[in-house]
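As a plain string of letters, each chain reads:
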Amino acid sequence: MSISIVGSVAFDTLHSPEGTKEKILGGSAVYAAIAASYFTFPAVIGVVGEDFHAEKLELLQARNIDILDIQNKSGKTFHWTGSYLEDINSAKTVSTEIGVLGDFHPILNEKNAERKILFLANNDPTAQLEAVLQSNSEWIAMDTMNLWITLKREEVIRVAQKVQFLFINDAELRMLANHYNLIQAAKAVFEEVPSLKYLILKRGEHGASLFTKDDYFTIGAFPLELVKDPTGAGDSFAGSFLGHLADKEITMESLKEALLLGTVTSSFTVEEFGPERLLEISREQIESRKEQLIKYLSV
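Residues numbered from 1 in each chain as written. Predicted model: local features only at pLDDT ≥ 70, side-chain atom pairs only at ≥ 80, totals over all residues. Heavy atoms only, no water.

Student: Break down the pairing of strand β4 (residues 42-48) for me, with residues and values.
Tutor: For β4, a buried count of seven out of seven residues is recorded, marking the element as mostly surrounded by other parts of the structure. What you see with β4 is no split at all: Pro42, Val44, Gly46 and Val48 on one side and Ala43, Ile45 and Val47 on the other are buried throughout. Two elements, strand β1 (residues 3-6) and β4, share four bridges in a ladder whose sense is parallel. Each bridged residue has a counterpart across the sheet, and for valine 6 the counterpart in β4 is isoleucine 45. Bridge count for β4 against strand β5 (residues 66-72) is five bridges, and the pairing is parallel. Residue pairing across strands places glycine 46 opposite isoleucine 70, the latter belonging to β5. As a crossover connection, the stretch from β4 through helix α2 (residues 54-61) into β5 is right-handed. (Buried < 20%, exposed > 50% of the residue type's maximum accessible area, 1.4 Å probe, protein only. Helix = DSSP H or I, 4+ residues; strand = E, 2+ residues; numbered from the N terminus. Pairing = 2+ DSSP bridges. Right-handed = clockwise from strand over helix to strand, strands pointing away.)

Following this line, the structure appears as structure tokens:
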């Protein structure tokens, strides 16, 4: 069964009140794949440059992540520099070096084209659509961001019309739907994209919500004493959410559990810089934190 993940493989330079890290492993596909690897056997479809050393790919392979469709191109790997010094919950982009990602055309091998789920992690919607057209996956999910909604809204909607799952945050949903009220905004998206089945709202420190056309479920976030680096939290949320579903029948029950698992897995991500904390936890720790969160949510 499993999941194919199309997105960025990157270097991140991060500034937060807890310190600075230079050119560490990052990228939407990387976070999503590591998180998904606790539940299934994911594959990454991406591109890196000549400066991306083999040991970083070996780090992914050690997690049983298929890297056969990571292209190695002449040039530099995508490098994002972000700062959380003004607001720990909101990244300010300091610089972006697009590198080889600027001409990325995903290529899915036969195995990756047939996996149960295709996840289009945050990336240019043009590349996302190229991946969709190569896929025979039963379920397709996408993530996006305010940049693409601003610059390529029509392309974002075109991709959304081919997926069943949409991951999005509060600000992006309001921008996409042109509604301030989140419930009205979700309804507007379902009306514009009638093929969409599930809208998953990532709300950071406020939790997460699951919308269908006629149902709604929401949970709070897992309380944390320290947040070092929120980078990749949304990607690890989506990766663990979909990784859980990769070997499950998709029902409201399994979707609600996926929402819980996505929330607690992403809570580990923010406790360290980059994917460091995400790489060192265990499935048992995820399940334990899930049970804690259920207790916190109970009346």
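Student: Just give me the short version of the packing of helix α10 (residues 252-269) against helix α12 (residues 283-297), but keep the residues and values in it.
Tutor: For the pair α10 and α12, the least separation of the axes is 9 Å and the interaxial angle reads 110°. Considering the angle they form, α10 stands roughly perpendicular to α12. When the axes of α10 and α12 are compared, the crossing they make is right-handed. Here Glu257, Leu260, Leu261, Thr263, Val264, Thr265, Ser267 and Phe268 of α10 come into contact with α12, specifically with Gln285, Ile286, Glu287, Arg289, Lys290, Leu293, Ile294 and Leu297. Here the contact of α10 with α12 is built from residues that sort into eight nonpolar, four polar and four charged. (Axes fitted to C-alpha atoms, helices over the stretch in contact; angles between N-to-C directions. Parallel < 35°, antiparallel > 145°, perpendicular 65-115°, else oblique. Left-handed = near helix turned anticlockwise from the far one by under 90°. Contact = heavy atoms within 4.5 Å. Nonpolar A, V, L, I, M, F, W, Y, C, P; charged D, E, K, R; others polar.)

Interpretation note: all reported values are geometric properties and have no functional meaning in isolation.
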